[in-house]
Structure formats: C-alpha cells, structure tokens
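Spelled out, the chains give:
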Amino acid sequence: MKDERNYSLKGHNTFGIDARCQRFLEYTNAEEAKQVAQILHSERCPFLILGGGSNLLLTRDFEGIVVHSAIMGIEVDEPQDNGDRLVRAGSGENWDEFVDFCVANGLYGAENLSLIPGEVGASAVQNIGAYGAEAKDIIEKVEVLDMSDGQVKWLDNAQCQYGYRQSRFKGEWKNRFLILSVVFRLHSCFEPHLDYGNIRAELERRHIDNPTASEVRQVIIDIRNAKLPDPNVQGNAGSFFMNPVVGRDVFEQIQSRYPNMPHYYIDETHEKIPAGWMIDQCGWKGRSLGRAGVHDKQALVLVNRGGATGSEVVALCDAIRHDVLEKFGIDIHPEVNII
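A brief look at the structure comes next.

Cut-offs and rules
- Residues numbered from 1 in each chain as written.
- Predicted model: local features only at pLDDT ≥ 70, side-chain atom pairs only at ≥ 80, totals over all residues.
- Heavy atoms only, no water.
- Helix = DSSP H or I, 4+ residues; strand = E, 2+ residues; numbered from the N terminus.
- Polar contact = N/O pair within 3.5 Å; in protein donor to acceptor, adjacent residues only side chain to side chain.
- Pairing = 2+ DSSP bridges.
- Axes fitted to C-alpha atoms, helices over the stretch in contact; angles between N-to-C directions.
- Contact = heavy atoms within 4.5 Å.

Mapping Asp84 onto the fold places it in the loop between β6 (74-76) and β7 (85-90). A polar contact of 3.3 Å, which involves the side chain of Asp84, links it to the side chain of Arg185.

Rendered as structure tokens:
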C-alpha cells in the first residue's frame, strides 16, 4: 500500500492544478482497502476518494487524506445462455483502455464510451456517458468495501439508483464505500448505436455503411480528439457542465426564439438542451477570464491556459452560469466535483 505525506496532487487531476494533500493512501487489493478504512476510522479527519482526477477541480490544498485505488486486472466469464459475457475490471483500470480491451475481444456495448478520461471505479460513481450511452447501461454490479463495517459487498445496478451523471455513491453513499471492481454485462453480437451527435455523418463521410465496433470506436475517438483538448497539453476536465433537462414549456419558449436550437428528446414532458450551445450563444467560446478559458472548439469545456488556479476556473464557471441564466433562464450546473 502506498502511504505518503504532503503529497502533490498535480499528477492526479487533469486540470493540472498544483495542490497537495496531507496524506495519500493507495490500495491495490481488498486487504489493503481494509487497511485504508481502518486508517480513516482512526484518524477521523476529512478524506477524499479520488479516481483519475478527470472530474475534479481543486481550489486549494486538501487538509486531509486522499484515497486512490490501484486495483488492476480484467477477467471475462464464460458466455451466458443469451451470449452475454460478464467482465470484471479492477477499479484502478484506465477506462478507455478497458473499452479498447472489450472491443478488441468481441465484447460489445462500451464502444460509444470511448476516450472518456478516468478510471473504471469512477465510471460506477459518476455514471459516465457520451454519444447516447451511459455506464449504467452495461454495469451489472459493483464490488465495494463497506467502510461502516469493513465487509466486502456486491451492489447491483438497481441498488445504485443511476441517473444522469448521478448515483447513490454521489449522494447518500458518499464516503461510505471504497470501490474494488466493477462487473459489466457486454454482448457477443454487435449492435451499433449511431444516432447521437455526428457519428453516422462521419461514418458516411468515410464511406462506411456497415461499421464494425472498432470503426465506431475510432470514429468516436477522432470526433472527441477534434473538439476536445488533450489534458496532457492543456489542462481540463472534459465536459465541465451537465446538459440541463427542462420541461416542455421551458423548451418550447426557448425554441420559439431559437428555432434551430439543438435538443434531445427525453420523454413527452422533457427535453435536453446542450449546455455548450447555450454557452456559445452567450459568446463565451474561445474567451478567457484570467488564466482560465473556454475551449475554442467546444464551449462545454473549460481549460487551464497555463498556471491557472482552481479559484480562477471557479470564477469563470460562475460568470458563464450568470450569463446563461440571464439569457435563457436556465441555471446550468457543473458536472465537475469542485473541492
């Protein structure tokens, strides 16, 4: 188990914020996770459970303990009667490398979630999503260490109560569990899902009529790379804001003013409006506030122009929220966890 004091978190957050924590604990198996739980219980100080840091904005040094999983490994069960395969991945596995493994081994259902930064454990907490897919669509169950009693337990999909970028891990279960592994239900037969964003248009541009999972994955990777900055080059946390879901009356009121507004049907009484589009309409795309800015190709992404503090990013976030609320009457909320 890794146990270090006065530890720099710069390499553990994709915004590249140079903050430190008093103590850093990293577990590589269930027994070490139990040791971590015992330390947290005895120390009785604030603690933060950290994944890949791709959904995190640090505004200060963390006066407490940061906990990270380094549990690795991927195991594939025998085919079930319907051809599905259960795939167990350690919570410390890189998410995109896990998706790549699945596609390469004929395990389908995760390909639309390609190139999302972060780790497997965080996928079960955040219910990550992109291009019409969400982690909850393929999560079967989550293996956890319950820090309230020190026992290893399994929580099934229904128990986690997944919603849009939400789960009980972010609410009533916050800081109760250490995630050890996640079991995903994947399929042996590939059924492409192409009707979100410009996946289909890009496939047509490449003259691909019947795409394989590898081709869909590559298209999504290319689309994301074309509009999202590499955090190794320019610090960012991907999509900074959640796309708001609004009632039909609010949607129709805005659509009457902006007939070409993009939107996504949720149900008979709700529509989803892209936050990036609203931010762009407010004139923020490509602009900066201090050393923090809005990406020039995707207004949903806030970036560290170089040496930005977490407080500067928060100031930019607040300015954007103010302008969107004033223009559209919608309060957009950060997807990123601000510490």
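From this point, things continue past the structure.
Pairing between the strands of a sheet is mediated by backbone hydrogen bonds and can be parallel or antiparallel. Pairing is mixed in the open sheet, where four strands are placed in the order β1-β2-β5-β3. The strands lining the two open edges of the sheet, one partner per strand, are β1 (2-8) and β3 (47-50). On average, each strand axis in the sheet is tilted by 25° relative to the strand beside it, whichever way the strands run. Here strand β2 (residues 20-27) runs beside strand β5 (residues 62-69); their pairing, made up of six bridges, is parallel. Bridge pairing links Tyr27 to Ser69 in β5.

The next thing to look at is the sheet that holds β7. With antiparallel pairing, the five strands of this open sheet are ordered in space as β6-β7-β12-β10-β11. Across the chains shown, the open sheet's two edge strands, defined by having one partner strand only, are β6 and β11 (151-156). Within the sheet, the average angular offset between the axes of one strand and its neighbour, ignoring direction, is 20°. The sheet contact formed by strand β10 (residues 139-146) and strand β12 (residues 177-186) spans seven bridges and is antiparallel. Across the sheet, the residue bridging to Ile139 is Phe184, located in β12. The sheet contacts of helix α1 (residues 30-43) involve β10, β11 and β12, and relative to β12 the element is tilted by about 145°.

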